[in-house]
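Breakdown of the fold
Here is how the chains run, residue by residue.
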Amino acid sequence: MVGLPYDCLANPLGAVRLTFEKAVGPGSDPAALDGKDWGAADLFRQFLFDDGGLSQVNPFPDVFFSSQLLMRVPLLNPSTIKWVMPNTLVRFRGMIQDMLGNEYYVGAYKDGDKWRTNKFADVSQCPVDASSDMRIWERRLLYCVPVPGQNSWVEPSHEAMKNVYANSISPQREKRQREDDATMTDVDMVEAGHHALEDSPNFKKMKVATEGNSSNSSLVPVDRNSFPCLVKIYDFSEPDMKLNDVFEFVGVFTFDPDLTVGRDDNDELTENFCEDASVSLPPTKVPRLHCVVHRKLGFGDFLRSPQLELTPCAIKEVREALLGHLTAVLGNDRVAAQYVLLHLLSRVHARVDSIAVGKLSLNLTCFNKESASVFGNNLKRAIENLLPFTERLPLTIDDLNTVSLAPKKDYSTNRLVSGILQLAEGSHLTIDETPLQSGTLNSTGVENARILKNMMESQKVEYDFTYYKMEMAADVQLLILSEGKSNILPADLILPFHPSSVDSTLGVDEEMLKSWRWYLATMKSLCHSIEPHMQKVVEDDLVAARQADRSLGSQEFSRWLTMGRLMSISFGETCLSMEHWQMVKELERLRKERL
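Residues numbered from 1 in each chain as written. Predicted model: local features only at pLDDT ≥ 70, side-chain atom pairs only at ≥ 80, totals over all residues. Heavy atoms only, no water.

A short note on the packing of aromatic side chains
- Taken as a whole and assessed by the stated rule, the structure comprises 13 aromatic pairs.
- For the pair phenylalanine 247 and phenylalanine 249, a centre-to-centre distance of 5.7 Å together with 25° between the ring planes defines the contact as stacked.
- The exposure class of phenylalanine 247 is buried, given its relative accessible area of 2%.
- In this arrangement the basic side chain of arginine 93 is found over the ring face of phenylalanine 302, its NZ or CZ atom lying 5.0 Å from the centre.
- Note that arginine 139 overlies the ring of tyrosine 105, its terminal NZ or CZ placed 4.1 Å from the centroid. (Phe/Tyr/Trp six-rings, centres within 6.5 Å; stacked < 30°, edge-to-face > 60°. Buried < 20%, exposed > 50% of the residue type's maximum accessible area, 1.4 Å probe, protein only. Lys NZ or Arg CZ within 6 Å of the ring centre and 35° of its normal.)

What to know about unusual backbone geometry
- Within the chain, asparagine 87 stands out as a residue other than glycine whose phi angle is a positive 65°.
- With respect to the helices, strands and loops of the structure, asparagine 87 is situated in the loop between β2 (63-64) and β3 (88-111).
- Residue class for asparagine 87 comes out buried when judged on its relative accessible area of 6%. (Helix = DSSP H or I, 4+ residues; strand = E, 2+ residues; numbered from the N terminus.)

Overview of the side chain of aspartate 475
- Topologically, aspartate 475 is positioned in the loop between β17 (469-473) and β18 (477-481).
- No salt bridge forms around the buried aspartate 475; measuring N to O, its nearest opposite-charge neighbour arginine 347 is 6.0 Å away.
- Within the structure, aspartate 475 has its side chain in polar contact with the backbone nitrogen of valine 348 (distance 3.2 Å).
- Beyond its immediate stretch of four places on either side in the chain, aspartate 475 contacts Arg347, Val348, Ala424, Glu425, Gly426, Ser427 and Gln459. (Lys, Arg positive; Asp, Glu negative; His and termini not counted. Salt bridge = Lys/Arg side-chain N within 4 Å of Asp/Glu carboxyl O. Polar contact = N/O pair within 3.5 Å; in protein donor to acceptor, adjacent residues only side chain to side chain. Contact = heavy atoms within 4.5 Å.)

Things to note about the side chain of glutamate 103
- Residue placement: glutamate 103 occurs in strand β3.
- Among the residues examined, glutamate 103 registers a relative accessible area of 5% and is labelled buried.
- Looking at glutamate 103, its side chain comes within polar contact range of the side chain of arginine 139, at 2.6 Å.
- Within the local environment of glutamate 103, its side chain forms a polar contact with the side chain of lysine 232, the two groups lying 3.1 Å apart.

Quick notes on the confidence of the model for the chain
- Across the chain, pLDDT averages 81, with 77% of residues at or above 70.
- Here residues 51-68 is a poorly scored stretch, pLDDT under 50, and it has 40 contacts once near neighbours within four places are set aside; other chains count. (pLDDT = per-residue confidence, 0-100.)

A few points about the sheet that holds strand β11 (residues 362-365)
- As summarised here, the arrangement of the five strands in space is β12-β15-β18-β11-β19, forming an open sheet in which the pairing is parallel. In this open sheet, the two strands that pair with only one neighbour each are β12 (390-394) and β19 (493-496). Averaged over all neighbouring strand pairs, the angle between strand axes comes to 20°, with direction disregarded.
- Relative to strand β15 (residues 428-432), β12 runs parallel, the two sharing five bridges. Looking at the pairing, leucine 393 lines up with isoleucine 431 of β15. (Pairing = 2+ DSSP bridges. Axes fitted to C-alpha atoms, helices over the stretch in contact; angles between N-to-C directions.)

Regarding the nonpolar core
- Membership of the largest hydrophobic core comes to 65 residues, with the highest contact counts inside it found for Leu364, Leu386, Tyr519 and Leu520.
- For this core, the element with the highest residue contribution is helix α8 (residues 334-345), accounting for nine residues. (Core = buried A, V, L, I, M, F, W, Y, C linked by side-chain atoms within 4.5 Å.)

With respect to a nonpolar patch on the surface
- Taken together, the side chains of Tyr411, Tyr467, Tyr468 and Met470 present a nonpolar region at the surface, about 470 Å² in accessible area.
- With respect to the helices and strands, the residue methionine 470 is situated in strand β17. (Patch = residues over 30% accessible without salt bridge, like charges linked within 9 Å, V, L, I, M, F, W, Y side chains within 5 Å. Areas by Shrake-Rupley, 256 points an atom, 1.4 Å probe, with all protein chains shown as cover.)

Considering the pattern of salt bridges
- Following the criterion strictly, the structure yields 32 salt bridges and no others.
- Taking the shortest distance from any N to any O, the salt bridge between glutamate 103 and lysine 232 comes out at 3.1 Å. Here glutamate 103, found in strand β3, pairs with lysine 232, found in strand β6 (residues 229-234); they are 129 residues apart in sequence, far enough to count as distant.
- Note that glutamate 447 is salt-bridged to lysine 469, the shortest N-O span being 2.8 Å.

So, the environment of proline 283
- Inspection of the secondary structure assignment puts proline 283 in the loop between α6 (276-279) and β8 (288-296).
- Classification of proline 283 by relative accessible area gives buried; the value is 2%.
- Through-space distance from the C-alpha of proline 283 to that of cysteine 229 is 9.1 Å; in sequence the pair is 54 residues apart.

See the structure below:
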C-alpha cells in the first residue's frame, strides 16, 4: 500500500530516508556514498528555491513538494524555539564564531538485509555492536551565534514567524512499520494543525528534559542576545567557510534529551565516536541543526521588499533624502553628514600587501559628554536604523584594562572565546572616547590599545592562541567620537563637528528607511573604475597638491582616491567623473578649514 507523501518541512528525515533507499538498492554498497550526497540536498534545494513546486518535473514523486519558498521555513531564534518541533526543517541565521573540527558518526548501517541511514540525526538507530555492518562517516561542527550587533528590524516579528510555522507544517506524516518502531518515534513527523503544541509528545519530552533548568518552557534558557547553535555540516567541500562569515543554514532541528544525561560507560562504540565539543555543548543549552542547505549572506539578504528601481533619478532622490536626514541628525552640519554618508558606503574591496583598500574610518571631534548624549545618541539610533549590524564601544581606562577585545583560545575547553572585535563583515562600530579620562594603562590596556590601532590601520584583528597570534582580516566601519583628535585610534579622516541646531523631530517613515537601506546595500556593492582621461586629471591634482604641501604622502592620496570612488557610487555611478572629483576636492577643502 502506498503511504502518504513526505512533507519536507514537517518530516525532513522521512524525505532523507526515502532518497537513501532509492540510492541504495538491494546488493548495493553504501561505501560509494562515503562523503557524498545521494540526492537529499538536491531535493531540499528544489523544494526551497525552485519557484514552481509541483509544476516542475519531480525526481522524487513520493515526496510532497509545494510552492513554498525559503521564507516559509521557520527561523530558529529565542522566540520561535518555544514552539518549533524537533525533527522539522528550520532556518538559522548567524555568524560562525568557532569551528570545532570534525565528528565521526555511524552514517549507514545494515538492518537485516536492508541498509538504513542516520544522516542528519544526532543518535544512531543501529544496534550498538562494534561488529555490526556499518559505515562511519564524518561531519563538520560549527559553533554559530547571532550576528553581533544585529538590529531588531533585521528579523520578522515573533507573531509573523509563528503564523508562518502554523501555515507551513502539514498534518501529513510518515507511516512506516518496522520492528523497532519504539526507537524510531523521534524521527516521525510531529502532527500539527488541530492539536495544541503542548499536547505533542516531542514538546512533553522537551519540557521534561528542561524542567528545573528554567522557569518557562523554553528549550534553551539563554539570554536573548546570546543564542548559539551547533550546526553540523555534511559532505563539506566548500573551502570558503571561515570564521566570522554570516550564513543561513537550513536543516533538521533535533532535540534528544538522552544527550543531556550521562552515557553508559560500557557504551564503547558511542564513546569512541562521541565528539568532546558535542558533550560540552548539551542540547538544553545549544540547539542542534543538521544542515541540508546553506548560503552565505550579505547586506542585501537582510533587506525586505519593496526594492526600488535602479535609475539615476531614483538614486539621486534617495541620496538627497538620506543626506538631509543625516544633516538633521547631526545638528544641521551638512559637511559632517556628507562625510558620514561616504563612511557608511565604505568597505574593504581589495588588499594590497598590508593595506586595506576601500576603508574610510572617521573621527568626529569637538564632542563632549553633553553633546555626545544628544548628537551621539541621535547618530547611534540613525545608524542602527540603516545598517543590520552595529555596535557601540564606550572607551574608558577601566574598560581598556579589563575587557577582552580580541578572541582568545581556551585550551581547557578547546573553544575560541569571543572578543568584542570578533565582528561580521560589514559591521559598524562606533567608539565613544568622551568618557575617557586620564589614567594608567596596565599590560592588558596597552595590548588592547595596540589591537584597536592595528584594526584601524589595517582592518585586521589578532586572535590570541596563547602560543602564537594569528591576524584575521576584518571589514568593519569605524566611527570615533572624541573631544580632540584621538591619540589611540588613528582614523583616516578627522573632522571637527560643528552643529548649529538640535532637531527634536527625527522620526522617519518605515518605507523611507527601507529605501535608504536598499540604497546603502546596493551602492556599496557597485564595482568602480577610473577611465584613462580621469586618471590623468587625478594624477595632475595629486602632483599639484604634493608640491603645495610636502607633508602629503601615499596615505592621503589613497584616501582621496577612496573618497572619489565613494562619491561616485553614492550617485550610482561606476566611473569617476570630473563633477564627482571636484565635489571630493571641495569637501576636503571645507574639512581642512575646520582643522
